[in-house]
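Results of the structural survey
Here is what each chain is made of, one letter per residue.
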Amino acid sequence: MEIYKFTKETGKKISKFNSNFVMSRIIQTEKPSHIGCMYLEENGVIGYHQAVVPQLLLILNGEGFVCGDKKEYVRVQPGDAVFWKKDEWHETKTNTGMTAIVIESEELNPVPFMAKF
């Protein structure tokens, strides 16, 4: 399990086309990707299971805890991105509720895009 940041502070100011905003790059894929939004209510859990393909979980709001193979839980909050490799066992849970985007693809490599936590 690896933790990355995609907060405003890790982003880059964009001015092309007379734009004025900050973008935090997340990922780029050439192979098909599945992208979904998960809404975990109070005491929600994404049960302990193996990743079928590499997965990137982007925490949008709320907070919770994630673990990898060793079942050592790490607190996550908005702006955190959690990466699990294919076949890695993992779990996500929250006491208060959490919303997150999940990206799944055979070829995910967040290293060139986000700052490691």
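Quick look at the structure, then. Just so we're clear, the structure is a prediction, and the values are computed from it rather than from any experiment.

Let us now look at the overall build of the protein chain. Counting secondary structure elements, the protein chain contains zero helices and twelve strands. The order of α-helices and β-strands along the protein chain, N terminus first, is β-β-β-β-β-β-β-β-β-β-β-β. Rg of the C-alpha trace for the protein chain: 14 Å, near the compact-globule value of 13 Å for 117 residues, within the 12% margin. Over its C-alpha atoms, taken along the principal directions, the protein chain stretches across nearly 45 × 30 × 25 Å. Per-residue burial over the protein chain gives 38% buried out of 117 residues. Contacts in the protein chain between residues far apart in sequence, at least 24 positions, make up 73% of those at least 6 positions apart. Roughly 7,200 Å² of accessible area belongs to the protein chain as shown, and the carbon and sulfur atoms make up 51% of that amount. Each charge class in the protein chain was averaged separately, 14 positive and 15 negative side chains, and the resulting centres sit 8 Å apart.

What follows concerns the pairing of strand β9 (residues 80-84). Within β9, five of the five residues are buried, which leaves it mostly tucked inside the rest of the structure. What you see with β9 is no split at all: D80, V82 and W84 on one side and A81 and F83 on the other are buried throughout. Bridging between strand β1 (residues 2-5) and β9 involves four bridges; their strand directions are antiparallel. The partner of E2 across the bridge, within β9, is F83. The pairing of strand β6 (residues 55-62) with β9 spans four bridges and is antiparallel. In the sheet register, Q55 faces β9, and the bridge partner there is W84.

What follows covers the sheet that holds strand β10 (residues 89-93). Two orientations exist for strands paired in a sheet by backbone hydrogen bonds: parallel and antiparallel. Ordered by their spatial adjacency, four strands build an open sheet running β5-β10-β7-β8, and the pairing between neighbours is antiparallel. The open sheet is flanked by β5 (45-50) and β8 (74-76), the only strands paired with a single partner. Ignoring strand direction, the axes of neighbouring strands in this sheet form an average angle of 20°.

Along the chain, the position of T92 falls in strand β10. Judged by its relative accessible area of 2%, T92 is buried. When near neighbours in sequence (up to four residues on either side) are disregarded, T92 contacts L40, G44, V45, I46, L57, F65, V66, W84 and M98.

Rules behind the numbers
Counting starts from 1 at the beginning of each chain's written sequence and moves along it residue by residue. Only residues with pLDDT of at least 70 are given local features in this predicted model, and only at 80 or more are side-chain atom pairs given and counted; all residues enter the totals for whole chains, interfaces and linings. The side-chain quantities take in all heavy atoms of the structure and omit both hydrogens and water. Segments assigned H or I by DSSP are reported as helices when at least four residues long, segments assigned E as strands when at least two residues long, and all are numbered from the N terminus. To get the radius of gyration, use the C-alpha atoms; to get the globule rule, take the number of residues to the power 0.38 and multiply by 2.2 Å. Note on exposure labels: buried denotes an accessible area under 20% of the residue type's maximum, exposed denotes more than 50%, and partly exposed covers the range between, all computed with a 1.4 Å probe on protein chains only. In what follows, residue pairs with any heavy atoms lying within 4.5 Å of each other are defined as contacts. Reported accessibility uses the Shrake-Rupley method at a 1.4 Å probe radius. Residues are deemed covered only where the shown protein chains occlude them. Charged residues are defined narrowly, with Lys and Arg counted positive, Asp and Glu counted negative, and His plus the chain ends left uncounted. Every charge is mapped to an atom, namely NZ of Lys, CZ of Arg, CG of Asp or CD of Glu. Two strands form a pair only when DSSP identifies at least two bridges running between them. Axes, fitted as lines to C-alpha atoms, cover a helix only where it is in contact. Angles between the N-to-C directions of the axes lie from 0 to 180 degrees.

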